[in-house]
Structure formats: structure tokens, C-alpha cells
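# Coordinates in review
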Amino acid sequence: MPLRTPTAPVRPPDPARAPVQAEGPRQARAAVDLAATARRLAGERTLWAGLVDFDPISRHYARIAAESHHEAWLLTWLPGQGTDWHDHGQSAGSFVVLQGQLTERVATPSHLDGAPQVEKEASRLRAGQQRTFGPSYVHHVSNVGPDPAISLHVYAPRLTVMTTYAVNSGRLQPVEVQQKGVDW
């Protein structure tokens, strides 16, 4: 699979550039600029540096912020570690690579039936680069490099469900819906 190696920080797609509106009963709508929030938190090293931990069995993650309209997570990745194909439910997100490099593959809805179809190219994101995405974004992130990686992820509204997928003939089929408080 060919890798796209951006020479400048990854630019968010147009739908994700707009602030995300968090919704809830009796809650004032608050705009959350996910890309800016992720960059700001990435710059606050004292907030997350003490939480860096590399687990040889699975990716390590720690929630570093839980605001009413968004949340942030620190993830660490040893070489060979990665996610399943997944979405973030109705949450939009942005992540910044703080150390090392990560490879992201994306799935887009098929024009025929709307089922997510795996794109052929992957993106390599190096330290300082960022990816911002809207709700229902489906991707697979992994550390295929030789060095440990660290990333910081921000979601709005806060994550409540995530669907994992399996690849079948280049298309993704839902496998499991994971719920906050049950699966993480």
C-alpha cells in the first residue's frame, strides 16, 4: 500500500474546519475548535508528560481533560501497535502526533450502498502533524515505524460510542458497538 507523506501539517477537511457544536439538555451550545484545542493541549507538556507510559501488550491511553463539551486523551504506541478500524459515533475529533510517527488509513462511504470502503493510500503523520475529522469518520491508526509514538486526541462532543469494523473485500462491516462506561 503506498504511503502519502505530507510535507506540511495535515489540513483538516472542510466540514471539520467549522467549530463543532456540543448538544445536551439545557446546555448552552458551545463551539469547540478541535484543531486549536488539540494544538493547545499538545503544547501544555506538563499536563500530559507524566502520563506517558508504553505498554508492550496494548496501546496505553489516559484521559487528560473532560470538559462539558469535549474531552482529550493521550495515547502511546509501541512499534506494531494500532487500532481496529473504528469510528467515533457522532463525535468529531482531532489528533496531533507528539512523538514518532503514525500511519492512518481511512474508509469512505461507497457510492453504491454507503458502506465504508477502504482507501488504497495511507497517510504518514509525523511529530507535529495533525488530523481533524468530522462525525462518523472511519479510520485505522497504527505505528508502523521503528520508534515509539505519542499522540493527543480531542473529541466533541465527548465520546459515548465507537463502532469497530472488519474488512471484507475492501469494504468494512460493523463488528461491535462499544459504549462508554462498559468498554472503556
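Heads up: these notes are all about the structure in this document. Note that the structure is a prediction, hence the values are computed from the model and not measured. (Residues numbered from 1 in each chain as written. Predicted model: local features only at pLDDT ≥ 70, side-chain atom pairs only at ≥ 80, totals over all residues. Heavy atoms only, no water.)

## As for the sheet that holds strand E10 (residues 130-133)
Taken together, five strands build an open sheet; the order of strands is E4-E5-E12-E7-E10 and the sheet is antiparallel. In the strand order of this sheet, the two ends are held by strand E4 (60-66) and E10, each with one partner. Pairwise comparison of adjacent strand axes, ignoring direction, gives a mean angle of 15° for this sheet. Note: strand E7 (residues 92-99) against E10, four bridges, orientation antiparallel. In the sheet register, Ser94 faces E10, and the bridge partner there is Thr132. (Pairing = 2+ DSSP bridges. Helix = DSSP H or I, 4+ residues; strand = E, 2+ residues; numbered from the N terminus. Axes fitted to C-alpha atoms, helices over the stretch in contact; angles between N-to-C directions.)

## Quick look at the pattern of salt bridges
Applying the stated rule across the entire model yields three salt bridges. For Glu44, the salt bridge identified is with Arg40, shortest N-O distance 3.0 Å. Note that Glu71 and Arg63 form a salt bridge whose closest N and O atoms lie 3.0 Å from each other. Note on Glu71: relative accessible area 1%, which makes it buried. (Salt bridge = Lys/Arg side-chain N within 4 Å of Asp/Glu carboxyl O. Buried < 20%, exposed > 50% of the residue type's maximum accessible area, 1.4 Å probe, protein only.)

## Examining the environment of His70
For His70, the position within the fold is in the loop between E4 and strand E5 (71-77). On the basis of relative accessibility, which here comes to 12%, the residue His70 falls in the buried class. Discounting residues that sit within four places of it in the chain, His70 has contacts with Val32, Thr37, Val154, Tyr155, Ala156 and Arg158. (Contact = heavy atoms within 4.5 Å.)

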